[in-house]
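One letter stands for each residue in the lines below.
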Amino acid sequence: QSAQVKYVKVILLCFRRYLLMALTSCVFWNTFGLNTAMEPKPNILLFLADDLGIGDIGCYGNNTIRTPNIDRLAKEGVKLTQHIAAAAVCTPSRAAFLTGRYPIRSGMASSNRYRALQWNAGSGGLPPNETTFAKLLQQQGYTTGLIGKWHQGVNCESLNDHCHHPLSHGFDYFYGMPFTLLNNCQENKPPELDAALQAKLWFYSQIITLAVLTLTAGKMTGLISIRWKIISWMTLAGSLFFLSWYSSYGFVQYWNCILMRNHDITEQPMKLERTASLILKEAVSFIRRNKHGPFLLFVSFLHVHTPLFTTKKFLGKSHHGLYGDNIEEMDWMVGKILDSLDKEGLKNHTFTYFASDHGGHLEAQHGSAQLGGWNGIYRGGKGMGGWEGGIRVPGVFRWPGVLPADTVIDEPTSLMDIYPTLVHLAGGELQQDRVIDGRNLMPLLQGRTQKSEHEFLFHYCGSYLHAVRWHQKDSGAIWKAHYVTPIFHPPGAGACYGKGICPCFGEGVTHHDPPLLFELSQDPSEAKPLSADTEPLFDTVIQKIGRAIEEHRKTLTPVPEQLSLYNVMWKPWLQPCCGTFPFCWCDKEGDSTQSL
C-alpha cells in the first residue's frame, strides 16, 4: 500500500509539473500576443517606396496628401519615428536592406561620384557571396517573390550569367525592373541619367562638327589650305567620338527601361501607361498562388521616383501636383494588395511592413513644379548621407494579434533591422561568418523591451563617413556628430539645386573639426549645433563617438568596389536584349492588364 501511495504521488507530481509547463506556455504566448492556433511561420509582405519623404504620408503628419491605406497600416500596427536608411540613394540603401549590412561591407558604397548603378549592362551589383533575407527564408521553406524595382545589377561577366539577378539572390519569382525609373523612360522628358556629362558630350560633338564643316567650307572656297585627308581623319574621329557615347546615352529608354519576368524580358522599352497595373496584377497573383504559404512577397514600388508617371485615374486628384498624384496612386496600390490578403483570409497571418529606401529628392524640380518629396521638419534630403532628411524614413509594421495596434515607437532603428527580424520570424539563424549590422526588432515592436539595441549608427555618403548617431540609453539622449556636410547651392537653400544631387566629397563638402554636434531628441531639425561652450558634455560625447568609429573601422574588410567606374560603365556585351543586339524591342504583355 505504501508503494501504491508513492506511485500515486509521483503521478500527481508529474501531472502538476506538466500542468505548470502548459500554463507557463500559455502565459508566454498570450503575453507576447501569440496564440497556439497560429501557424509558426507567418507570411511576410514588404512594401518599399522609392524616394518617398517621411513627411509625404498622413500618418507622419501630412494632412493634404491622401494615404488612407498606409495610414490604416499604422493605425492597426506599430509606427517607428526614427527609422533610418543605411544610405541616402537607391542602390546602397537597398543592398543594406537586403543583407542587413552597411553597404561598405559588400562593396556597394562608392568612392566616386557614381553612387548608384547606372546601366542594366554594367558589371557591378550585389555580390554573389552576399546573402539576402530572401535566400535565408527560401532555406526555411518560404516561397519568395520580388515584384517591382531591383537596381542591384544583372550580369557580371557574360550576358546570361545573371550573377546579380534576383533569382540568384534567393527570390523564386521576379517581375519588374532590373533597373530603376528615370526621366529617360518617358518620352519628351529631359534626360536624367548623367545629364551634366551628356550636355558636355553634346557640346564637344557640336564643336567637332562645326570645326569639320568650317574646314570643309574653307577648303572648297580656297580660304583655308588643308589636305582633304586631314579633314577625312577629323570627320572619322568626330564620328567615332559621337558613336562612342551616343550608342549608350542616346538609347537609355531601350537599354535601361525594361520589364522582366524571371530571366525573360517582357517589355523593351517598357510602356509606362500600364506598368502600375502590371505590378499590381503580379503582386495580387503571387498572393493568390501562394495563399497556403508561407510566402515572402517584396513589393518594391517604382513610385515615387521621377518621371512620376501616373495613370489618368489619379492625374490632377491631389493638392500637390504630379508628385501628390503619384503618391496617392501608390497608396491605392497598397490598399488593393492589402485587400487581396483580406480576401484570402491571410491578414492575421501576415507580417506587413512599409518603408521608403531613403528621403525625398529635394532637387527634383521642373520649373516651379516640385517633383521630389517633403521630408517634414528634417534637414536635407536624398543624396545627403548625414542629414536626417536624407535617411529618416517611414517605418510601419502590422501583424494583428501579435503586434500592438496604434503604437508609436521613438527609438533608433534601421532598415537593416528587417534582415534579422525576418530570419527570426522564419525560424532561421544568422550567419556567423560575417558582421550583421541589423538587430531583431520583434522585442521592441511587441513591447518586451523599451530600448533599441542600437547604440551607434554610422551614416555614410558613398564610402565616406559623414555622421554618427549615439543612442545614450541611460539618459535617453540621441547625439549626432557630423564630420562632413554638403555645401548647399545657393547658400542657405537647404539642398544642392542645379547639381541634381549633393556630392559626398571634394570641393562640394565641408569638413568639420570639431564635428557639428546635435542632440536629436531636443533638436530633431538639426538647427542648433552645440559647442563646448553651450554643452557641458560636448568633449565627452565627441570622444565617445570617436572611439566608436575606431572600433567600427576595425570590423571593415577590403572588398571589391561594385560601383567603380569600370563596373558602372555601359558594356554592350552585357546588355539584356529581347531581340538581336542592337535591335532590342519586344512587347510580350500585349493587353494582358485588366482592371483590378
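Residues numbered from 1 in each chain as written. Predicted model: local features only at pLDDT ≥ 70, side-chain atom pairs only at ≥ 80, totals over all residues. Heavy atoms only, no water.

## Considering the sheet that holds strand 16 (residues 477-486)
What counts is decided by this rule: Pairing between strands requires that DSSP locate at least two bridges from one strand to the other. Helix and strand labels come from DSSP, where a helix needs a run of H or I of at least four residues and a strand needs a run of E of at least two; each type is numbered from the N terminus. Here an axis means a line fitted to C-alpha atoms, over the contact stretch when the element is a helix, while the angle between two N-to-C directions is reported on a 0 to 180 degree scale.
Here we have four strands laid out as an open sheet, ordered 14-15-16-17, and antiparallel in their pairing. Two strands close off the open sheet at either side, each with one partner strand: strand 14 (456-461) and strand 17 (509-519). Neighbouring strand axes in the sheet, compared pairwise and without regard to direction, differ in orientation by 15° on average. Sheet topology places strand 15 (residues 464-472) next to strand 16; six bridges connect them, and they run antiparallel. Across the sheet, the residue bridging to His471 is Ile478, located in strand 16.

## Here's the deal with a nonpolar patch on the surface
Counted only if it meets this: Each patch is built from salt-bridge-free residues with over 30% relative accessible area, joining like charges within 9 Å and nonpolar side chains (Val, Leu, Ile, Met, Phe, Trp, Tyr) within 5 Å. To measure how exposed things are, a 1.4 Å probe is used in the Shrake-Rupley method; for residues, cover is taken only from the protein chains shown. For salt bridges, the criterion is a side-chain nitrogen of Lys or Arg within 4 Å of an Asp or Glu carboxyl oxygen.
Judged by side-chain polarity, Phe203, Tyr204 and Ile207 come together as a nonpolar surface patch covering roughly 310 Å² of accessible area. Inspection of the secondary structure puts Tyr204 in helix 6 (residues 195-221).

## Brief notes about empty space enclosed by the protein
Summary: where empty space remains is shown by rolling a probe the size of a single water molecule over the atoms. Short version of the rule: Of the two site types, the cavity is a set of points on a 1 Å grid over the protein atoms alone where a 1.4 Å probe fits but cannot get out, and the pocket is an open set with protein on both sides within 12 Å along at least five of seven lines, each lined by residues with an atom within 4 Å of a point. Grid points are joined across faces, edges and corners, and a volume is the space filled by probe spheres set on the points. In this classification, Asp, Glu, Lys and Arg are treated as charged, Ala, Val, Leu, Ile, Met, Phe, Trp, Tyr, Cys and Pro as nonpolar, and every other residue, Gly included, as polar.
Across all of its chains, the model carries six cavities of 30 Å³ or more by this definition. What the largest cavity holds in volume is close to 150 Å³. Elements supplying a minimum of two residues to the lining of the largest cavity: helix 9 (272-289) and helix 10 (321-343). Top contributing element to the lining of the largest cavity by residue count: helix 9, with four residues. In terms of residue class, the lining of the largest cavity is made up of nine nonpolar, five polar and one charged.

## Let's talk about the UniProt feature "transmembrane region" (unreviewed entry) in the chain
The line we're drawing: UniProt positions are given in the numbering used here, feature names are shortened, and annotations may be inferred rather than shown by experiment.
The sites that UniProt annotates as "transmembrane region" (unreviewed entry) are residues 201-218 and 230-252. Secondary structure content for residues 230-252 is 91% helix and 0% strand, while the C-alpha to C-alpha distance between its ends is 34 Å.

## Notes on the nonpolar core
What counts, and what does not: Here, the term nonpolar core denotes a set of buried Ala, Val, Leu, Ile, Met, Phe, Trp, Tyr and Cys residues that are joined through side-chain atoms within 4.5 Å. The cut-offs for exposure are 20% and 50% of the maximum accessible area for each residue type, with area from a 1.4 Å probe on protein chains only; residues under the lower value are buried, those over the upper are exposed, and the others partly exposed. By the convention used here, residues are in contact when the closest approach between their heavy atoms is within 4.5 Å.
If you look at the biggest cluster of nonpolar residues, it comprises 64 residues, and the most contacted ones within it are Phe47, Leu52, Leu297 and Phe354. Per-element accounting of this core gives the leading share, nine residues, to helix 9. Contacts of Phe47, omitting those with residues within four sequence positions, involve Val299, Phe301, Val334, Ile337, Leu338, Thr352, Tyr353, Phe354 and Ala355. Counting 47 residues, the second-largest nonpolar core is a separate cluster that includes Leu136, Tyr353, Val423 and Leu444.

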